[in-house]
Amino acid sequence: GSGDGRVVIAAAKQGYLAHGIELKHLASIVLKVKICVIRHFQQNKVLQKGFYGSMILSRYNTIIIFGGEGMMTDLSSKLKTEARPSADIVSCRFPLDDNVWEVKKTIEDGPNPLFVYKQDDS
């Protein structure tokens, strides 16, 4: 999910169209408040409360995931089926299913490692 919105906000500040999705109601409210306070980049963000299963992943060039361990197998299959062939995918904390995806790079910096994947190389 988008959590506290740091990645969505940072991407939007850089001029990217940043789309966050968050399952937890309270976290989605906190993020909406933060975005309203920082209005100068509001046109570059979209936030919705929801579940990744309802997202159309083919719309994105880059997909950043901060999800729970229990969702990674289903999400791995969805990404393989729906992500653009040139998509860059980064998973925070938990890797995607290694039966479906090959990790291209692991960045270990603190308690939440990043796992980098490339759709067209898998």
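Data block above holds the structure.
Residues numbered from 1 in each chain as written. Predicted model: local features only at pLDDT ≥ 70, side-chain atom pairs only at ≥ 80, totals over all residues. Heavy atoms only, no water.

Enquirer: Sorry if this is basic, but what is going on with the pairing of strand β4 (residues 88-92) here?
Expert: Within a regular beta strand, the side chains point alternately toward one face of the sheet and then the other, so they alternate between its two faces. Of all 5 residues in β4, 4 are buried; the element is thus mostly enclosed. As defined by bridge partners, strand β3 (residues 62-66) adjoins β4 across 5 bridges and the pair is classed as parallel. Note on β4: the bridge partner recorded for Ile 64 is Val 90. One crossover worth recording links β3 to the parallel β4 by way of helix α3 (residues 72-82), and it is right-handed. Strand direction decides the pairing type here: β4 and strand β6 (residues 114-118), joined by 5 bridges, are antiparallel. When the bridges of β6 are listed, Ile 89 appears paired with Tyr 117. (Buried < 20%, exposed > 50% of the residue type's maximum accessible area, 1.4 Å probe, protein only. Helix = DSSP H or I, 4+ residues; strand = E, 2+ residues; numbered from the N terminus. Pairing = 2+ DSSP bridges. Right-handed = clockwise from strand over helix to strand, strands pointing away.)

Enquirer: Which parts of the structure should I look at to understand the packing of aromatic side chains?
Expert: Where two aromatic rings form a pair, the distance of their centres and the angle of their planes describe that pair. All chains considered together, the criterion is met by 1 aromatic pair. Pairing Trp 101 with Tyr 117 gives two aromatic rings, centres 5.9 Å apart and planes at 70°, and the pair type is edge-to-face. You can see Trp 101 sitting in the loop between β4 and β5 (105-107) and its partner Tyr 117 sitting in strand β6, a full 16 residues away along the chain. For the pair Trp 101 and Tyr 117, one class covers both residues: buried. (Phe/Tyr/Trp six-rings, centres within 6.5 Å; stacked < 30°, edge-to-face > 60°.)

Enquirer: Teacher, can you tell me more about α3 here?
Expert: Residues that lie three or four places apart on an α-helix share one face, since the helix turns once every 3.6 residues. All of the buried residues along α3 are Met 72, Leu 75, Ser 76, Lys 78 and Leu 79. Those residues of α3 hidden inside the fold are in contact with β3 and β4. (Contact = heavy atoms within 4.5 Å.)

Enquirer: Would you take a moment to explain the nonpolar core for this structure?
Expert: Looking at soluble globular proteins, one finds that nonpolar side chains tend to be buried together. Core analysis: the biggest nonpolar cluster contains 17 residues, and Ile 63, Ile 65, Leu 79, Ile 89, Leu 96, Trp 101 and Tyr 117 have the highest contact counts within it. Breaking this core down by element, the ones donating at least two residues are β3, α3 and β6. Once residues within four sequence positions are removed from consideration, Leu 79 is found in contact with Leu 57, Ile 63, Ile 65, Ile 89, Leu 96, Trp 101 and Gln 119. (Core = buried A, V, L, I, M, F, W, Y, C linked by side-chain atoms within 4.5 Å.)

Enquirer: For this particular structure, what's the right way to read helix α1 (residues 6-13)?
Expert: Along α1, the residues that are buried comprise Val 8, Ile 9 and Ala 12. Down the axis of α1, the smallest arc covering the buried residues is 95°, so these residues share one side. Looking one or two residues past α1, Gly 15 carries a phi angle of roughly 100°, positive in sign. (Arc of directions from axis to C-beta.)

None of the figures reported here should be taken as evidence of function without further support.
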